[in-house]
Amino acid sequence: MPARSSPLQSEISPPLAADTDYDHSGLLVVVTSLASFLTLASLSIRAFVASKRSSVLNDDYVLLTAVICACVQVSVTLTSVHYGWGKMRGMVSDKNCTPMLKTVYVADLLYILVVGLSKICSMVFYRNLSIRRSMRANYAILSACSVWTVLAITILGARCSESPWEDIDNHCAGLLLRWKVICALDIVLEAFILAYPAGIIYKVQISPFKKFIIFTILSCRIILIPLSAIHLYFVQKQIQSPNPTLAGTYATIVAQIHLGVSVLVLTVSSLKMFVAVYEDEQGLAYTEDASKSLGISNNDNCRQWKTRSWRRSRQTKKLSLSSTGCDDGPFIPLASETRVSGNTIVKSVHISVTHEARGNIVLGERGPHGHSGDIM
């Protein structure tokens, strides 16, 4: 008995993108959308942190540039999927073939640009943590990252023919070699970027456990090394494949993941705003920069301390001591400041007391007899 077609089945439209043995456009759309989410989430985190500290640093501007380029790259990649990238060559119409190849070509160049901006942003961030003796190494790595970005875009942009976007397979003999050179230099630079903070942390006077924690946090970029190698592997598969528009799907997928993670790792310096990384032995976690409170009048102090709070993360007891000179009852304003001197980072806690002497008390790690010392 022949099966009757349901009226609902005739009204169901086909999916916008599919994932079959001959068409991977659906997978491309999902992964590219994920990369877009990672980049926008990174920008949101850094924007929140910048609003809390009421200042914008140089690496914030670099991150903003990287996010803008990443968003453009994601848009171009989705456009290439619309034209047929990720499908077998026979499924792509002649009218869409050239626009598809051009968008893929531009997406590759923007991918290199975002990865390069990620390296530059990391080194600009490390400049804020570096001492004067290590600035020369910082400038050297920063310059190398800039040169790599320009060089990689140049050698990848100039291919074998006057229409470089058409060179996506083994007809361009030097294409695979260029990708190998780009990947090799990329891995070398990432190794230098990982080693740079290790040299700084080693000289800082803190416990080995704290050094390990800091280095582990800053070493999250290590994930970019295998991603770069995996991308090269799939680029080789694409170039050697008789159907590069289909085989290139996986190279594009890894490139999108690499791009998203490259921007995401730039938010590591902002994690302290969410997990209160900087916490002393007494459990005090400071949520706002107190350097702005220096050099202002007592009346301004009264107004600012009403809106600024300090909290004890291990809520063990409440403090109720003498007044600050304001009329709002007993309260002791407490602010923290961290300054770098050579290889030593000193935390200052400023306490204002009405009936006692006022001053700056420099606290360090307490020894067994209560003496203070250098924190870092």
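For the structure itself, look to the data block above.
Note that this is a predicted model, so its numbers are computed, not measured.

Calculation notes
Residues numbered from 1 in each chain as written. Predicted model: local features only at pLDDT ≥ 70, side-chain atom pairs only at ≥ 80, totals over all residues. Heavy atoms only, no water. Salt bridge = Lys/Arg side-chain N within 4 Å of Asp/Glu carboxyl O. Helix = DSSP H or I, 4+ residues; strand = E, 2+ residues; numbered from the N terminus. Buried < 20%, exposed > 50% of the residue type's maximum accessible area, 1.4 Å probe, protein only. 1 Å grid on protein atoms, 1.4 Å probe; cavity = no way out; pocket = protein on both sides within 12 Å on 5 of 7 lines; lining within 4 Å. Points joined across faces, edges and corners; volume = space filled by probe spheres on them. Nonpolar A, V, L, I, M, F, W, Y, C, P; charged D, E, K, R; others polar. Axes fitted to C-alpha atoms, helices over the stretch in contact; angles between N-to-C directions. Parallel < 35°, antiparallel > 145°, perpendicular 65-115°, else oblique. Contact = heavy atoms within 4.5 Å. Disulfide = S-S within 2.5 Å.

Student: Give a description of the pattern of salt bridges that names residues and reports values.
Tutor: Applying the stated criterion across every chain yields a total of 6 salt bridges. A salt bridge links Asp108 to Arg159; its shortest N-O distance comes to 3.9 Å. Pair noted here: Asp108 is in helix 4 (residues 94-127) and Arg159 is in the loop between helix 5 (135-157) and helix 6 (175-203), with a separation of 51 residues, a long-range link. The exposure class of Arg159 is buried, given its relative accessible area of 12%. Connected via shared salt-bridge partners are Lys119, Asp186, Glu190 and Arg221.

Student: Account for empty space enclosed by the protein, with residues named and values stated.
Tutor: A full pass over the atoms with the stated rule returns 5 cavities of 30 Å³ or more. When its volume is computed, the largest cavity comes out at roughly 200 Å³. Along the wall of the largest cavity there are 22 residues; nearest its centre are Val104, Asp108, Trp179, Gln238 and Thr252. Listed by contribution, the elements that provide at least two residues to the lining of the largest cavity are helix 3 (58-83), helix 4, helix 6, helix 8 (224-240) and helix 9 (244-264). Looking at the lining of the largest cavity element by element, the count peaks at 5 residues for helix 9. The class makeup of the residues in the lining of the largest cavity is 11 nonpolar, 8 polar and 3 charged. What lines the second largest cavity is a set of 13 residues, among which Ser122, Phe125, Val265, Leu266 and Val268 lie closest to the centre. Looking at the lining of the second largest cavity element by element, the count peaks at 4 residues for helix 4.

Student: I'd love a proper account of the packing of helix 6 against helix 8, names of residues and values included.
Tutor: Helices that pack against each other are described as a pair by the angle of their axes relative to one another and the distance between those axes. Where helix 6 meets helix 8, the closest approach of the two axes is 9 Å, and the angle between their N-to-C directions is 175°. The pairing of helix 6 with helix 8 is recorded here as roughly antiparallel in orientation. Residues Leu175, Leu176, Trp179, Lys180, Cys183, Asp186, Ile187, Glu190 and Leu194 of helix 6 form the contact with helix 8, whose participating residues are Leu224, Ile225, Ser228, Ala229, His231, Leu232, Val235, Gln236, Ile239 and Gln240. Across the contact of helix 6 with helix 8, the residue classes break down as 12 nonpolar, 4 polar and 3 charged.

Student: Can you lay out the state of the cysteines for me, pointing to particular residues and giving the numbers?
Tutor: A full pass over the atoms with the stated rule returns 1 disulfide. With a sulfur-sulfur separation of 1.9 Å, Cys160 is cross-linked through a disulfide to Cys172. Disulfide Cys160 to Cys172: torsion about the S-S bond roughly 75°, handedness right-handed. Of this pair, Cys160 sits in the loop between helix 5 and helix 6 while Cys172 sits in the loop between helix 5 and helix 6, placing them 12 residues apart in sequence. Not part of a disulfide, Cys71 finds its nearest cysteine sulfur in Cys69, a span of 9.4 Å.

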